[in-house]
Amino acid sequence: MDPELASLTQSAGTTVVTLMATEAWQAARDGVLELWRRVQPGRAEAAAAQLDASREDALAAGVSEDQQTLSELRTQWAGLFRRLLVAHPEAAAELRALLDELQPPGDDPQPRPTVQHATASGHARIYQAGRDQHITES
């Protein structure tokens, strides 16, 4: 799997599990299920049951401060999203849009890594940055 899609699926798993214990859960659940209904309608009910079971586990893990269970849930959901995108790569843009919608601006609990690609030839220079960049040349 392409590193950018792998990063997207990890971010999706983390975001969904993080939102399981928040007031934003219903919107997150609805968004994930809508994605499944459009992309894999035959598996939407199974995804709904999995979301509900995972939420119960996440809430219990939050109360007992069980970080291992939360980590396992994040990994589990990253895997489910990965399999969804392997079968339907065209759904990646929709998943990105859902994640952007679910995260309020400036509130990124798990920043997504920046992936950049560049090719230089001859005497070319490439300058890439994930944020601000200041270049001073003489």
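Because the structure is a prediction, the values reported are computed rather than measured.

Q: Quick one: what's the story with the overall build of the protein chain, residue by residue and with numbers?
A: Across its full length, the protein chain carries 5 helices and 0 strands. The helix and strand sequence of the protein chain, counted from the amino end, reads α-α-α-α-α. Every one of the 138 residues in the protein chain was classed for burial, and the buried ones make up 34%. Taking all contacts inside the protein chain whose residues are at least 6 apart in sequence as the whole, residues at least 24 apart take part in 62%. Accessible surface for the protein chain amounts to roughly 8900 Å². Of this, 48% is attributable to carbon and sulfur atoms.

Q: Let's hear about the pattern of salt bridges: which residues, and what values?
A: Two side chains carrying opposite charge are able to pair once their charged atoms lie near each other. Counted under the stated rule, the structure contains 4 salt bridges. With its nearest N and O atoms 2.8 Å apart, the salt bridge here joins D52 to R29. Placement of the pair is D52 in helix α3 (residues 44-64) and R29 in helix α2 (residues 25-39), with a sequence separation of 23 residues. For R29, a relative accessible area of 17% translates into the label buried. The salt bridge involving R38 is made with E94; its shortest N-O contact spans 2.1 Å.

Q: Outline the layout of surface pockets, listing residues and values.
A: Put simply, the largest pocket is a space of about 160 Å³. What lines the largest pocket is W36, Q40, R43, A46, A47, Q50, W77, L80, R83 and L84.

Analysis parameters
Residues numbered from 1 in each chain as written. Predicted model: local features only at pLDDT ≥ 70, side-chain atom pairs only at ≥ 80, totals over all residues. Heavy atoms only, no water. Helix = DSSP H or I, 4+ residues; strand = E, 2+ residues; numbered from the N terminus. Buried < 20%, exposed > 50% of the residue type's maximum accessible area, 1.4 Å probe, protein only. Contact = heavy atoms within 4.5 Å. Areas by Shrake-Rupley, 256 points an atom, 1.4 Å probe, with all protein chains shown as cover. Salt bridge = Lys/Arg side-chain N within 4 Å of Asp/Glu carboxyl O. 1 Å grid on protein atoms, 1.4 Å probe; cavity = no way out; pocket = protein on both sides within 12 Å on 5 of 7 lines; lining within 4 Å. Points joined across faces, edges and corners; volume = space filled by probe spheres on them.

So yeah, pure geometry; function would need other evidence.
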